[in-house]
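Structural description and commentary
So you can see what is in the structure, the chains are spelled out below.
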Amino acid sequence: MSGTDRVRKAVIPAAGLGTRFLPATKSQPKEMLPVVDKPSIQYVVEEAVRAGLTDILVITGRGKRAIEDHFDRNFELEFYLEQKGKHDLLKEVQETSDLGNIHFIRQRDPLGLGHAVSAAREHVGDEPFAVLLGDDIMVDDSQLLISMLDLHQRYGRSVLALKEVGPDRISSYGCVEPEAVDGELVTVRSIVEKPQREEAPSNLAVMGRYVFTPEIFDALDRIKPGAGGELQLTDAIQLLLDSQTVYGRTFEHGRFDIGQKLDFLYANVELALDRPDLGPEFSAFLVDLMHRRGLI
Ligand code: G1P
């Protein structure tokens, strides 16, 4: 298979209800939970922009207006910061609304990830596109999406991000049966959503990054409710496999599911340690804390 057009569009599904993070998500979207001082969805949008994706469509749902406001101008705040001479903060606030060409549509009923992605069909049209799940942030391996886009460019086919997980966690993910493995590149033979541990075809789980050929939309039209009674993106990928090869790109580090409490805490600690303005003092605090608790 020869190369193909460069991917320009990103779809970010952010319509989930965030039930795993109640009560914090009762009246605010989980994608707006701050990791250090930025809402998690901003990390996702910045990752897309860094990878050269210039057209970003966020799929929202009920109660998600704060996401739209976050990426919009806030003239009152900008005026206030300007008056007070807080130029650094002003720059940061303005950069948030200048991140790219960001569009929003609403998924009216929360029928599942497959349903959310199919809502992007009209906007995406007949082009390849990337999907970045709004509650998965990738910090360490920022090259992951870029390398998935390169693989798509080379083979002209869909590419999934894959990571090994322990047997006790595989039932939380889409899981692939690999066919051929060549370093970080995997050819997918089959895929199943949230298999029981004993039925999982491998320990390779799909993480929240995908590059799709537009044919995924025809497959999404044909899926029936699957795991959890939801319309699953994974089931559409299985259908796509009937007509096209699907590749996987494995990676190891840097992914946090901020919809999970522990991952959310890990992300905050790691990213705070990376920050030049916070890291040194925060790491001294952590060392002192460990001593006081008798952990080191
Ligand atoms: C979704 C997908 C699943 C994927 C996971 C990655 O599940 O359905 O295939 O492995 O994201 O985070 P969810 O986390 O929405 O249950």
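Because the structure is predicted, anything quoted here is derived from the model rather than measured.

Some words on the overall build of the protein
Secondary structure summary: the protein contains eleven helices and 13 strands in total. For 296 residues, the compact-globule estimate of 2.2 N^0.38 gives 19 Å, and the C-alpha radius of gyration of the protein, at 20 Å, lies within 12% of that figure. Each of the three principal axes of the protein carries a C-alpha extent, and together these read 60 × 50 × 35 Å. Taken over 296 residues, the protein has a buried fraction of 47%.

Describing the site of the ligand
As a matter of local geometry, the ligand sits amid Leu-113, Leu-133, Asp-136, Tyr-173, Gly-174, Glu-193, Lys-194, Val-206, Gln-232, Thr-234 and Arg-255. Contact between the ligand and Glu-193: an oxygen atom at 2.7 Å from a side-chain N or O atom of the residue. Within the contact set of the ligand, an oxygen atom lies 3.3 Å away from a side-chain nitrogen or oxygen of Thr-234. Relative to its unbound accessible area of 380 Å², the ligand is 81% covered by the protein chains.

Let's talk about the pattern of salt bridges
Under the definition given, this model contains 16 salt bridges. The closest approach of N and O atoms between Glu-31 and Lys-64, which form a salt bridge, is 2.9 Å. Of the two residues, Glu-31 sits in the loop between strand 1 (9-13) and strand 2 (34-35) while Lys-64 sits in the loop between strand 4 (55-60) and helix 2 (65-70), which places them 33 residues apart along the sequence. Between Arg-249 and Glu-184 there is a salt bridge whose closest N-O contact spans 3.7 Å. Residue Arg-249 is found in strand 12 (residues 246-250), and its partner Glu-184 is found in the loop between strand 9 (174-182) and strand 10 (185-193); the two are separated by 65 residues along the sequence. Judged by relative accessible area, Arg-249 falls into the buried class, the value being 8%.

About the thresholds
Residues numbered from 1 in each chain as written. Predicted model: local features only at pLDDT ≥ 70, side-chain atom pairs only at ≥ 80, totals over all residues. Heavy atoms only, no water. Helix = DSSP H or I, 4+ residues; strand = E, 2+ residues; numbered from the N terminus. Rg over C-alpha atoms; globule rule 2.2 N^0.38 Å. Buried < 20%, exposed > 50% of the residue type's maximum accessible area, 1.4 Å probe, protein only. Near = heavy atom within 4 Å. Polar contact = N/O pair within 3.5 Å; in protein donor to acceptor, adjacent residues only side chain to side chain. Areas by Shrake-Rupley, 256 points an atom, 1.4 Å probe, with all protein chains shown as cover. Salt bridge = Lys/Arg side-chain N within 4 Å of Asp/Glu carboxyl O.

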